[in-house]
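What follows is the residue order along each chain.
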Amino acid sequence: MRVNGEERDCAVTPNTTLLEALRYGLGLTGSKQGCDKGDCGACTVEVEGEAILACISLALAYHDGPAITTIEGVAERGQPHPLQDAFDLTGAAQCGFCTPGILMSAWALLRKNPNPTRQEIAQALSGNLCRCTGYTKIFEAVERAAETLRQRGRA
Ligand code: FES
Ligand code: FES
């Protein structure tokens, strides 16, 4: 599999989910196993601009590409990505279970749409459930990150 810019080998069976391969095969435990049935978004990874629920995806479908990005691949050269900085500065970070998936949905959105409206952000994050937040700060953080990325010309 091509994960976070590297070719990684992992033994799987036909039934192994992408989430199991990432977490238990490759040790990438940032993607969380929440509901394990496609409801909560905790397992979200990004595949070529799309947010994918890894718990309901089969690993074999990714054995020969396409490129997968997990939360471990978001930081650059040890520095937080502007999206991570924005969550920090805005106070948007929630718990370790929901935040990785929220970040990956936002990451996928910004890859496709560098200037999303509040409604588009809400739509993109609608599959990431957290009963603890009102989502307002999360939306603000995504807007802040989008602006930073646009200023850097690399959204
Ligand atoms: S763990 Fe995949 S959607 Fe909940
Ligand atoms: S589920 Fe993570 S803070 Fe609510």
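Up top is the structure these notes are about.
Residues numbered from 1 in each chain as written. Chains lettered and ligands numbered in written order. Predicted model: local features only at pLDDT ≥ 70, side-chain atom pairs only at ≥ 80, totals over all residues. Heavy atoms only, no water.

1. Overview of unusual backbone geometry
Move 1: With an omega of 0°, the peptide bond running from G65 to P66 counts as cis.
Move 2: With respect to the helices and strands, the residue P66 is situated in the loop between strand 4 (50–53) and strand 5 (68–69).
Move 3: Positioned with a positive phi, E48 is a non-glycine residue whose angle comes to about 50°.
Move 4: Looking at the secondary structure, you find E48 in the loop between strand 3 (44–47) and strand 4.
Move 5: Phi at R77 takes a positive value of approximately 50°, unusual for a residue other than glycine.
Move 6: The residue R77 is located in the loop between strand 5 and helix 2 (82–90) in this model. (Helix = DSSP H or I, 4+ residues; strand = E, 2+ residues; numbered from the N terminus.)

2. Let's talk about the layout of surface pockets
Move 1: Computed from the structure, the largest pocket encloses a volume of approximately 230 Å³.
Move 2: Forming the walls of the largest pocket are 19 residues, and the residues nearest its centre are A51, S105, Q123, A124 and N128.
Move 3: For the lining of the largest pocket, the secondary-structure elements that each account for two or more residues are strand 4, helix 3 (99–112) and helix 4 (118–124).
Move 4: Here the residues of the lining of the largest pocket are counted per class, giving seven nonpolar, nine polar and three charged. (1 Å grid on protein atoms, 1.4 Å probe; cavity = no way out; pocket = protein on both sides within 12 Å on 5 of 7 lines; lining within 4 Å. Points joined across faces, edges and corners; volume = space filled by probe spheres on them. Nonpolar A, V, L, I, M, F, W, Y, C, P; charged D, E, K, R; others polar.)

3. Quick look at helix 2
Move 1: Of the residues making up helix 2, those classed as buried are P82, L83, A86, F87 and T90. Each buried residue of helix 2 lies within a common arc of 145° when the element is viewed along its axis, so the set occupies one face. Away from its buried face, by an angle of more than 90 degrees, helix 2 presents the exposed residues D88 and L89.
Move 2: Immediately beyond the C-terminal end of helix 2, within one or two residues, lies G91, with a positive phi of roughly 70°. (Buried < 20%, exposed > 50% of the residue type's maximum accessible area, 1.4 Å probe, protein only. Arc of directions from axis to C-beta.)

4. Thoughts on the nonpolar core
Move 1: Core analysis: the largest hydrophobic core is formed by 25 residues, its most contacted members being L83, F87, L110, L125, I138 and V142.
Move 2: Elements represented by at least two residues in this core include exactly helix 2, helix 3 and helix 5 (136–151).
Move 3: Setting aside residues up to four positions removed in sequence, L125 forms contacts with I102, S105, A106, I138, F139 and V142.
Move 4: Among the nonpolar cores identified, the runner-up in size contains 17 residues, and L26, C43, A59 and I68 belong to it. (Core = buried A, V, L, I, M, F, W, Y, C linked by side-chain atoms within 4.5 Å. Contact = heavy atoms within 4.5 Å.)

5. So, the pairing of strand 3
A regular strand carries its side chains on alternate faces of the sheet.
Move 1: Covered by surrounding structure in strand 3 are T44 and E46 together with V45 and V47, the residues of both alternating faces.
Move 2: Pairing analysis gives four bridges linking strand 3 to strand 4, with the strands arranged antiparallel. Along strand 4, the bridge assignment pairs V45 with I52.
Move 3: Linkage of strand 3 to strand 4, two consecutive antiparallel strands, is achieved through a turn of two residues, within which E48 is found at a positive phi near 50°.
Move 4: Judged from the two bridges that link them, strand 3 and strand 5 form a sheet pairing that is antiparallel. Across the sheet, the residue bridging to V47 is I68, located in strand 5. (Pairing = 2+ DSSP bridges.)

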